Amino acid sequence: MTEEIIPILRVGDAAAAVAWYARLGFVQQWEHRFEPGLPVFTEVARGAVRLFLSEHEGDARPDTLVYLRVRDLDEVAAEFGVRPEEAPWGREIELRDPDGNRLRIGTPSG
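These remarks concern the structure in this document. Please read all numbers here as calculations on a predicted model, not as lab measurements.

**Here we look at the overall build of the protein chain**
For the protein chain, the helix and strand inventory stands at two helices and eight strands. The helix and strand sequence of the protein chain, counted from the amino end, reads β-α-β-β-β-β-α-β-β-β. On C-alpha atoms alone, the protein chain measures out to a radius of gyration of 15 Å, which is about the 13 Å that the 2.2 N^0.38 rule sets for 110 residues. Across its three principal axes, the protein chain shows a C-alpha extent of roughly 50 × 35 × 20 Å. In the protein chain, which comprises 110 residues, the share counted as buried stands at 37%. Of the contacts formed within the protein chain by residues at least 6 apart in sequence, a portion of 50% connects residues at least 24 apart. Each charge class in the protein chain can be summarised by its mean position, and for the 13 positive and 20 negative side chains these summaries are 5 Å apart.

**Quick notes on the side chain of E43**
Mapped onto the fold, E43 is located in strand β3 (residues 41-46). Separated by 2.8 Å, the side chains of E43 and W30 make a polar contact. Those residues within four positions of E43 in sequence are excluded, and the remaining contacts are V27, Q28, Q29, W30, R50, L51 and F52.

**Some details on the packing of aromatic side chains**
Tallying each qualifying case throughout the model produces six aromatic pairs. Residues Y21 and F26 carry aromatic rings whose centres are separated by 5.9 Å and whose planes lie at 85° to one another, so their mutual orientation is edge-to-face. Like F26, Y21 is buried. An angle of 20° between the planes, with centres 6.0 Å apart, marks the rings of W30 and F41 as stacked. Of this pair, W30 sits in strand β2 (residues 27-32) while F41 is found in strand β3, placing the two residues eleven residues apart along the sequence.

**Quick word on the sheet that holds strand β5 (residues 65-69)**
Sheet architecture is open: four strands sit in the order β5-β8-β7-β6, paired in mixed fashion. Edge positions in the sheet fall to β5 and β6 (85-87), since each has one partner strand and no second. Here the average twist between neighbouring strands, direction ignored, is 35°. Bridge count between β5 and strand β8 (residues 102-108): five bridges; the pairing is parallel.

How each quantity is defined
- Residues numbered from 1 in each chain as written.
- Predicted model: local features only at pLDDT ≥ 70, side-chain atom pairs only at ≥ 80, totals over all residues.
- Heavy atoms only, no water.
- Helix = DSSP H or I, 4+ residues; strand = E, 2+ residues; numbered from the N terminus.
- Rg over C-alpha atoms; globule rule 2.2 N^0.38 Å.
- Buried < 20%, exposed > 50% of the residue type's maximum accessible area, 1.4 Å probe, protein only.
- Contact = heavy atoms within 4.5 Å.
- Lys, Arg positive; Asp, Glu negative; His and termini not counted.
- Charge placed at Lys NZ, Arg CZ, Asp CG, Glu CD.
- Polar contact = N/O pair within 3.5 Å; in protein donor to acceptor, adjacent residues only side chain to side chain.
- Phe/Tyr/Trp six-rings, centres within 6.5 Å; stacked < 30°, edge-to-face > 60°.
- Pairing = 2+ DSSP bridges.
- Axes fitted to C-alpha atoms, helices over the stretch in contact; angles between N-to-C directions.

Given below as structure tokens:
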């Protein structure tokens, strides 16, 4: 097993969140709920990058900031209709998911 850290983001509607993250190249890996009608906890992955998305109120709070490094920043930016900005450490964009979580997405310089 490889050790890793997986951020948990609070979402109000897991299905809508999974569809939004699919635009970033994430694919849903699995979904869990204790019984019908209860909140969903799910995982999305983009290669080795994983996020847990949770409808459970106590797991996380909206307005969380996650930094994601990608190879295809221009493609991601085009998908969302934004322009990358230059920073001393690389190029990046910032997006908000439907639940207000912030994703700063960048490619390092060099």
